[in-house]
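Inside the fold
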Amino acid sequence: MKTTVKTVEHLGRGPLGRDELAALVARDIPPGAFVNLGIGQPTTVADHLPAGSGVVLHTENGMLGMGPAAHGDEIDPDLTNAGKMPVTELPGASYFHHADSFAMMRGGHLDVCVLGAFQVSERGDLANWHTGAPDAIPAVGGAMDLATGAKQVFVMMTLFTKDGTPKLVPECTYPLTGLACVSRLYTDLAVFHIDRGGVTVVETYGTGVAELASRLEVAVRTLGQEP
């Protein structure tokens, strides 16, 4: 008998908090994967990876085997992630030149990268380095290298801006980081898969698919629904 997987609506609760969202992303990272966590919210995923998962965290500034965030006596000012936040190291951790780190990113050696975003399009285009505002400070870092070099790109962000404008859009209006690179989008209200067939809602939190669809300008489908 064929089992049909359906979209799950978590209606009896509110939107996901930051730690809940990070735990959700950590759950979906394959065991043994080599992973880069982008600056900002994605770094919190490190604190939720299960022990024994075999996931190896890579940092843009030249480290393999990064552990969770460092606190108290664990803090070593010389041991930081790419966002300059203090981190721990796991047994077997290694260090290397910045250029070697980027060679790993550009060479297709990372299984997953997790990035933040200002906008994601229905085709999986990513805009996460500049809003185009005259007073904004561009901060592309290694995002373009990660977006094109990693085998899968996961994005974490709020689904709407503070004024209610969707950040999942038909077409990005901000400068692009990468084209058709995002495969999964994790937000406070829903998790989406993005592929050539469009946008699929996998789970919702504190809202239903119908309400989400009414607030978005992109067409969304549910699991099991034909494109």
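Preceding this paragraph is the structure being described.
Everything numeric in this text was worked out from a predicted model, so none of it was measured.

1. A few points about helix H2 (residues 98–106)
When H2 is considered as a whole, its buried residues turn out to be Ser 101, Phe 102 and Met 105. Considered in projection along H2, the buried side chains sweep an arc of 95 degrees and stay on one side of the axis. Of the surrounding secondary structure, the elements contacted by the buried residues of H2 are strand S3 (56–59) and helix H3 (143–149). Positioned one or two residues after H2, Gly 108 has a phi angle of 80 degrees, which is positive.

2. Section: the side chain of Thr 207
Within the secondary structure layout, Thr 207 lies in the loop between strand S13 (198–205) and helix H4 (209–215). Looking at Thr 207, the relative accessible area reads 6%, which means it is buried. Those residues in contact with Thr 207 that lie beyond four places of it in its chain are His 10, Leu 11, Leu 189 and Leu 212.

3. Description of the sheet that holds strand S8 (residues 126–127)
Sheet architecture is open: 3 strands sit in the order S8-S7-S10, paired in mixed fashion. Here the strands that pair on one side only, and so sit at the sheet edges, are S8 and strand S10 (168–169).

4. A short note on the side chain of Asn 128
By the element assignment, Asn 128 lies in the loop between S8 and H3. Of note is the side chain of Asn 128, whose polar atom sits 3.1 Å from the backbone oxygen of Gly 116. Within the structure, Asn 128 has its side chain in polar contact with the side chain of Thr 177 (distance 2.7 Å).

5. Here we look at the pairing of strand S4 (residues 63–69)
For S4, the tally of buried residues reaches 5 of 7 residues, placing the bulk of the element in the interior. In sequence, S3 turns back onto S4 through a hairpin of 3 residues, with Gly 62 there showing a positive phi of about 110 degrees. Across 4 bridges, the pairing between S4 and strand S5 (residues 87–95) is antiparallel. Bridge pairing links Met 63 to Tyr 95 in S5.

6. A word on the packing of aromatic side chains
Evaluation of the coordinates by the stated rule reveals 2 aromatic pairs. With a centroid separation of 6.1 Å and 85 degrees between ring planes, the pair formed by Phe 118 and Tyr 174 is classed as edge-to-face. You can see Phe 118 sitting in the loop between strand S6 (112–116) and strand S7 (119–121) and its partner Tyr 174 sitting in the loop between S10 and strand S11 (182–187), a full 56 residues away along the chain. By relative accessible area, Tyr 174 is classed as partly exposed at 29%. Arranged with centres 5.6 Å apart and planes meeting at 50 degrees, the rings of Phe 154 and Tyr 186 form a pair that is tilted. Of the two residues, Phe 154 is situated in strand S9 (residues 152–157) and Tyr 186 in strand S11; the sequence distance between them amounts to 32 residues.

7. Description of the state of the cysteines
Considering all chains together, one arrives at 0 disulfides under this definition. Cys 113 forms no disulfide, and the closest cysteine sulfur to it belongs to Cys 181, at a distance of 7.7 Å. Look at Cys 113 and you get buried, because its relative accessible area is 0%.

8. A look at the nonpolar core
Grouped together as the largest cluster of nonpolar side chains are 31 residues, with contacts concentrated most on Val 120, Leu 126, Val 155, Leu 168 and Phe 192. Contributions of two or more residues to this core are made by H2, S6, H3, S9, S11, strand S12 (190–195), S13 and H4. If near-sequence neighbours (up to four positions away) are discounted, Val 120 is found in contact with Asp 125, Leu 126, Val 155, Met 157, Lys 167, Leu 168, Val 169, Cys 172, Val 182, Leu 185 and Ile 194. In this structure, Ala 22, Leu 49, Leu 57 and Phe 154 belong to the second largest nonpolar core, which totals 27 residues.

9. A word on the pattern of salt bridges
On inspection of all chains with the given rule, the structure shows 9 salt bridges. In this structure, Asp 28 engages Arg 27 in a salt bridge whose closest nitrogen and oxygen atoms are separated by 3.0 Å. For Arg 123, the salt bridge goes to Asp 125, with nearest N and O atoms at 3.1 Å. Residue Arg 123 is classed as partly exposed on the basis of its relative accessible area of 40%. Among the charged side chains, a salt-bridge network with shared partners connects Arg 27, Asp 28, Arg 184 and Glu 203.

Quick notes on the rules
- Residues numbered from 1 in each chain as written.
- Predicted model: local features only at pLDDT ≥ 70, side-chain atom pairs only at ≥ 80, totals over all residues.
- Heavy atoms only, no water.
- Buried < 20%, exposed > 50% of the residue type's maximum accessible area, 1.4 Å probe, protein only.
- Helix = DSSP H or I, 4+ residues; strand = E, 2+ residues; numbered from the N terminus.
- Arc of directions from axis to C-beta.
- Contact = heavy atoms within 4.5 Å.
- Pairing = 2+ DSSP bridges.
- Polar contact = N/O pair within 3.5 Å; in protein donor to acceptor, adjacent residues only side chain to side chain.
- Phe/Tyr/Trp six-rings, centres within 6.5 Å; stacked < 30°, edge-to-face > 60°.
- Disulfide = S-S within 2.5 Å.
- Core = buried A, V, L, I, M, F, W, Y, C linked by side-chain atoms within 4.5 Å.
- Salt bridge = Lys/Arg side-chain N within 4 Å of Asp/Glu carboxyl O.

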